[in-house]
Every structure is written in C-alpha cells, then in structure tokens.
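Structural characterization, general
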Amino acid sequence: MHLLMGLLMNTEEALLFIEKLLAQQGYRLNDLERAIFRGAWQGKSYKEIHRNYNLQVSLDHAMRNVGPKLWKLLRKALDEPIRMKDLQGPILRAYAALAASPAVAAEIPPEVSPTMPDSLTSAPIVSWEMTPDVGIFCGRNPDLADLREHIDVGGRLIVILGMAGVGKTTLAIRLAQQVQDQFEVVIWRSLSVNRYESLAALTQDLLRVFGQLPDEPPMSSNYITNLWHYLSRYRCLIVLDGLEAVLQTSSDTGSFQKGCEPYGELFHRIGDTYHRSCLILTSRERPQELANMGRGEHAPVYIHPLDGLGEQAAREMLLSKYDLEGSEQAWSLFVRLYAGNPFALNIAASKIHDLYEGDIAQFLEVHAQETAIFGEIRSQLSQQFTRLSPKENVILTYLVKAGEPVRRNQILHNIAPRVSNEDLDQSLQSLMGRSLIQRNNGHYSLESFILEYAQELTNNQ
Ligand SMILES: Nc1ncnc2c1ncn2[C@@H]1O[C@H](COP(=O)(O)OP(=O)(O)OP(=O)(O)O)[C@@H](O)[C@H]1O
Ligand SMILES: [Mg+2]
C-alpha cells in the first residue's frame with residue numbers, strides 16, 4: 001500500500017488533476033490518452049487497457065507511441081521520473097504539494113481548458129426531488145462495489161435493471177449518496193412520479209437546476225444541445241428513476257412511447273460521446289436503445305441486473321421492522337418463496353406480524369395450501385404482467401403448463417400459436433429484460449412467486 005494512498009484519489013479525480021496540470025503546459029488530453037491513463041492508474045497492462053477500453057488504435061501504436069508520449073508529458077509536468085507501473089506515487093505526491101498551495105490550482109486559465117471544472121473540492125449543487133426516504137439499507141455491498149467501480153472508471157450511462165420491488169430505487173439512492181462528492185452537480189428525478197410528457201419537459205426542469213451554475217446560459221433552440229453544454233463542461237450525476245414509465249406497454253420490451261423517442265437519442269449520445277458526466281437509470285424493462293451498448297468490462301455503458309436480497313440481508317431488513325420468528329429452515333423457505341424481493345417480503349412480513357403472531361412457520365403452512373400472492377404483491381405483479389406483449393403471454397403460458405425448466409427448442413415446437421425463431425428469441429430476450437424469466441444451463445424458468453401468479457392468470461383464462 002502506498003504511503004500517500006491515505007489521500008484516496010479515485011481514477012476520475014486523478015485524471016482531472018493531471019488534466020489540470022497538463023493544461024498549465026497548454027496540453028489537452030484526447031480520449032485515447034484518457035483511456036490509457038485510466039487503465040494505468042488501475043494497474044492494468046497495455047493489453048488489458050486495449051481490450052477493456054476498446055481502443056480505436058492498434059495495441060502496438062498504444063504501447064509504442066501514445067503511452068510513452070503521455071508518460072513523457074507527465075514527467076515534465078510533475079518534474080519527477082514517472083513510469084506507467086508507478087503512476088500513483090508521483091501523482092499523489094504532486095497532488096499533496098499542490099493541495100498545500102491552493103493558489104496554484106487557481107492559476108489554470110479557463111481558456112486553456114474550457115471543459116475543466118475546478119470546483120470538485122466544493123460542495124456539489126444537489127437537487128433531489130421526490131426521493132423516497134431510505135431508512136434501513138441492508139446487503140447489496142457487491143452491487144454497490146460493482147456500480148461504484150463503473151462510475152470510477154468513467155461509466156457514462158449505467159442502468160440498474162430489475163423486476164418491480166426488487167430494490168432498484170433504494171440501491172440507486174444509496175449509490176448516489178455514496179458517490180455524490182465526486183460530482184459537481186447531482187440531480188435525482190423520478191420519471192414514474194413526475195410523468196414528464198416529453199424529454200423537452202424533463203430537460204427544461206434540469207436546465208433550471210443547471211441555471212444555478214455561474215455560467216452564461218446556452219442559447220441554442222435545441223434543448224439537447226443546451227443540456228450537453230453542462231454535461232460536457234461539468235461532472236454531473238443525473239439519476240432518472242423508473243424509466244419504464246416512458247416505455248411502451250403491450251409490446252416486446254424497450255421501445256419508447258410515442259413522443260418519448262428523443263430519450264433514445266439522448267442515451268445514445270451520452271453513451272457514445274466522451275464527457276465527464278454520468279447518467280444512472282433504473283428500470284423494470286431494458287430499453288431497446290441499449291441492446292447493443294454496454295458490452296465489455298469497462299464499456300462506458302453498463303447494465304447492472306439486480307436480483308433479490310440474499311437471505312441474511314432480507315432477514316436483517318425484516319427484523320428491523322417486524323417482530324418475526326422462525327427456524328433457519330422457515331426463514332430460508334420464506335425468503336426463497338419471494339426470491340428475496342424486498343417489496344413482496346415486506347408485505348408478507350407485515351401480514352405475518354399482524355395475523356400469525358409473527359410466526360413464519362404458520363404463514364408457510366397456510367400458504368402451502370393457498371397462494372402466496374395477495375394484496376399489493378398481486379397488484380404489483382399485475383402491473384408488470386399487463387405490459388406483456390401477446391407473444392410474451394403465449395410463452396409464459398407454456399412455461400406455466402410445462403411446470404419445469406424448459407429448453408428453447410421445446411418452447412419453439414410446442415407453443416400455440418406457433419412463432420418464428422426470430423420472434424421467439426425477441427420475446428425471450430424481452431421477458432428476461434423484464435426479469436420475469438431466467439435462463440440457467442440453457443433452460444428457461446420462472447421464480448416461484450412469479451410462477452404462482454402466472455398460474456393464477458392461466459387458470460382464470
Ligand atoms: N437493500 C434494502 N434494504 C432495505 N430495504 C430495502 C432494500 N431494497 C429495497 N428495500 C425496500 O423494499 C421496497 C421496494 O424497494 P424499491 O422501491 O427500491 O424497489 P424498486 O425495484 O425500485 O421497485 P419499482 O420497480 O416498483 O420501482 C422499499 O420499501 C424499500 O425500502
Ligand atoms: Mg423504484
């Protein structure tokens with residue numbers, strides 16, 4: 001561990017710092033150099049950087065020309081020997097020295113580096129609107145670590161994808177709270193609560209927040225250009241919660257509702273173009289625009305599928321609110337019955353608390369005979385199922401009748417009415433994008449409580 005590591009500079013902060021230093025010498029980094037720096041800061045080899053960051057030049061060119069030139073520039077700027085394998089020591093030392101003399105940082109003339117913000121050390125402008133209060137927060141450490149890593153390495157578009165009630169909003173709030181100090185502007189908006197009629201309406205709302213920055217407001221009549229002005233100039237974190245509110249219902253997942261198509265253009269631009277900001281989306285459904293984005297270890301677009309809580313975390317969550325008791329086996333059966341879905345578990349736990357003296361075994365006994373789907377659990381599943389396309393419904397009906405995990409070919413040959421290979425694949429992908437079915441070892445199946453609800457629907461047809 002480096003002695004100066006106590007300074008704790010993450011990749012983006014280190015990059016920002018060296019960009020400022022180089023700007024003093026009149027040099028601005030390009031995307032390729034930034035990617036090499038990011039990888040090197042994390043101790044990666046040229047080969048790994050080339051693969052992870054999808055560099056648009058040959059490995060040989062990166063190794064022989066781009067990298068060495070960058071190290072040479074840094075050597076000059078830091079006035080210290082610097083090697084790719086030992087970047088952190090000299091950079092942290094230089095940072096510590098400069099931090100002791102803030103006037104130096106202020107010397108960087110804005111016209112040399114117009115995109116460089118210099119206010120990372122001051123508090124960000126924060127606008128959280130309609131954010132639910134996260135009281136107790138349990139588990140999710142691996143998810144948070146993974147998401148934070150993607151933000152650290154320059155993730156520009158991050159999607160937390162999972163079924164209703166699985167904990168997307170709660171996780172996104174915790175994530176944003178943890179990383180907000182890395183950003184200059186932090187905005188949270190809920191698409192399901194606000195119901196903006198178009199991207200133009202959302203953008204107007206965001207521009208009102210950006211209006212607090214000491215900038216001349218951009219004058220373009222194109223609202224995306226105006227938004228871009230801020231996203232590229234400042235390091236902004238924008239969280240849009242509940243993206244499914246602007247996606248179409250009754251079709252295979254992911255197309256935008258009429259009038260909401262510009263969201264797709266914006267996501268493409270945010271994912272495909274270099275800037276320092278990060279957009280986090282939470283969604284019950286995978287937007288089609290992202291189908292071909294987000295591959296590769298450190299791609300700027302990242303989709304994080306979210307599963308239910310593990311047994312320990314679910315237990316901790318429920319015991320913090322309800323007086324429950326049960327054997328190890330009862331707890332385990334109970335959490336698995338709802339696939340660790342915190343929304344469903346909370347509803348069921350409140351029933352156990354109110355009607356079964358807090359005894360999990362009594363609840364399980366009753367629900368071995370009857371459905372475990374009731375009240376709000378049913379309404380939430382119903383919201384998700386009413387959005388299915390007719391083809392998705394046919395596939396789910398078949399999975400329910402099969403009663404066990406089935407292979408793709410079994411579905412193809414047995415469903416009625418028949419569908420083409422292409423339609424089957426599209427609908428299977430779409431159902432997986434909604435987290436309603438899962439694929440294990442080439443077999444498709446439903447989580448037990450979703451299966452129960454789907455059985456109920458099939459029986460009522
Ligand atoms: N990690 C957690 N620790 C404690 N409680 C949690 C956790 N995750 C979710 N919950 C609780 O579970 C419920 C559902 O969570 P949340 O609203 O985040 O789900 P969601 O996936 O955003 O659902 P939707 O798709 O309906 O928006 C909330 O009451 C929340 O407080
Ligand atoms: Mg939510």
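Residues numbered from 1 in each chain as written. Chains lettered and ligands numbered in written order. Predicted model: local features only at pLDDT ≥ 70, side-chain atom pairs only at ≥ 80, totals over all residues. Heavy atoms only, no water.

A short note on the nonpolar core
Within the largest apolar cluster, 76 residues are counted, with the highest numbers of intra-cluster contacts made by Phe-334, Tyr-338, Phe-363 and Ile-411. Among the nonpolar cores identified, the runner-up in size contains 40 residues, and Tyr-196, Leu-199, Val-209 and Cys-260 belong to it. (Core = buried A, V, L, I, M, F, W, Y, C linked by side-chain atoms within 4.5 Å. Buried < 20%, exposed > 50% of the residue type's maximum accessible area, 1.4 Å probe, protein only.)

Some details on the sheet that holds strand S8 (residues 438-440)
An order of S7-S9-S8 is seen for the three strands of this open sheet, with the pairing classed as antiparallel. The sheet terminates laterally at strand S7 (406-407) and S8, the two strands that pair on one side only. Relative to strand S9 (residues 443-445), S8 runs antiparallel, the two being bridged by three bridges. Counted as the bridge partner of Asn-440 is His-443 from S9. (Pairing = 2+ DSSP bridges. Helix = DSSP H or I, 4+ residues; strand = E, 2+ residues; numbered from the N terminus.)

Some remarks on the sheet that holds strand S1 (residues 125-128)
The strand order across the open sheet built from six strands is S1-S3-S4-S5-S2-S6, with neighbouring strands paired in parallel fashion. Single-partner strands in this sheet number two, and they are S1 and strand S6 (301-305). In this sheet, neighbouring strand axes are inclined to one another by 10° on average, regardless of whether the strands run parallel or antiparallel. As paired elements, strand S3 (residues 185-190) and strand S4 (residues 236-241) share six bridges and run parallel to each other. From the neighbouring strand, Trp-188 faces S4, where its bridge partner is Val-239. Helix-sheet contacts for helix H10 (residues 199-210) involve S1, S3 and S4, and the interaxial angle to S3 is about 150°. (Axes fitted to C-alpha atoms, helices over the stretch in contact; angles between N-to-C directions. Contact = heavy atoms within 4.5 Å.)

Let's talk about the site of ligand 1
Around ligand 1 lies a shell of 19 residues, among which Cys-138, Lys-168, Thr-169, Thr-170 and Arg-284 are the nearest. Take Gly-165: an N or O atom from its main chain is 2.9 Å from an oxygen atom of ligand 1. In this structure, Arg-284 approaches ligand 1 through a side-chain N or O atom, which is 2.7 Å from an oxygen atom. Starting from 630 Å² of accessible surface for ligand 1 in isolation, the protein chains cover 80%. Here the shell around ligand 1 is built from residues that sort into 10 nonpolar, six polar and three charged. When residues are assigned to domains, the shell around ligand 1 turns out to be shared by domain 2 (125-305) and domain 3 (311-370), each giving three or more. (Near = heavy atom within 4 Å. Polar contact = N/O pair within 3.5 Å; in protein donor to acceptor, adjacent residues only side chain to side chain. Areas by Shrake-Rupley, 256 points an atom, 1.4 Å probe, with all protein chains shown as cover. Nonpolar A, V, L, I, M, F, W, Y, C, P; charged D, E, K, R; others polar. Domains from an automatic or database assignment.)

A look at the domain arrangement of the protein
Segmentation of the protein into domains returns domain 1 (3-106), domain 2 (125-305), domain 3 (311-370) and domain 4 (381-460). For domain 1 and domain 2, the distance between their C-alpha centres works out to 28 Å. Facing the 14 residues of domain 1 at the interface are 11 residues of domain 2. If you sort the residues of domain 1 by the area they bury against domain 2, Asn-10, Glu-12 and Asn-52 come out on top, with a joint share of 43%. Where domain 1 packs against domain 2, one counts one salt bridge. For Glu-19, the salt bridge goes to Arg-276, with nearest N and O atoms at 2.4 Å. (Buried area = accessible area lost by both parts, 1.4 Å probe. Salt bridge = Lys/Arg side-chain N within 4 Å of Asp/Glu carboxyl O.)

Considering helix H7 (residues 141-152)
If you check H7, its first and last C-alpha atoms are 16 Å apart, about what 12 residues at 1.5 Å a residue would give, namely 16 Å. Of all the residues in H7, the buried ones are Asp-143, Leu-144, Leu-147, His-150 and Ile-151. Each buried residue of H7 lies within a common arc of 130° when the element is viewed along its axis, so the set occupies one face. Exposed and oriented more than 90 degrees from the buried face of H7 are Asn-141 and Pro-142. Those residues of H7 that are buried are in contact with helix H1 (11-24), strand S2 (157-161), helix H8 (168-179), strand S5 (278-283) and S6. Following H7 by one or two positions, Gly-154 has its phi on the positive side, about 95°. (Expected span 1.5 Å × (residues − 1). Arc of directions from axis to C-beta.)

Digging into the packing of aromatic side chains
For the structure shown, the criterion picks out 13 aromatic pairs. Seen in terms of ring centroids, Phe-256 and Tyr-263 are 6.1 Å apart; in terms of plane orientation they differ by 10°. Their pairing is stacked. Overall, Phe-256 belongs to the buried group, its relative accessible area being 5%. Here a set of aromatic residues connected by ring pairs shows up, and it is made of Phe-334, Tyr-338, Tyr-356, Phe-363, Phe-374 and Phe-449. A cation over an aromatic ring shows up here: Arg-269 above the ring of Trp-228, its NZ or CZ 4.5 Å from the ring centre. In this arrangement the basic side chain of Lys-351 is found over the ring face of Phe-374, its NZ or CZ atom lying 3.7 Å from the centre. (Phe/Tyr/Trp six-rings, centres within 6.5 Å; stacked < 30°, edge-to-face > 60°. Lys NZ or Arg CZ within 6 Å of the ring centre and 35° of its normal.)

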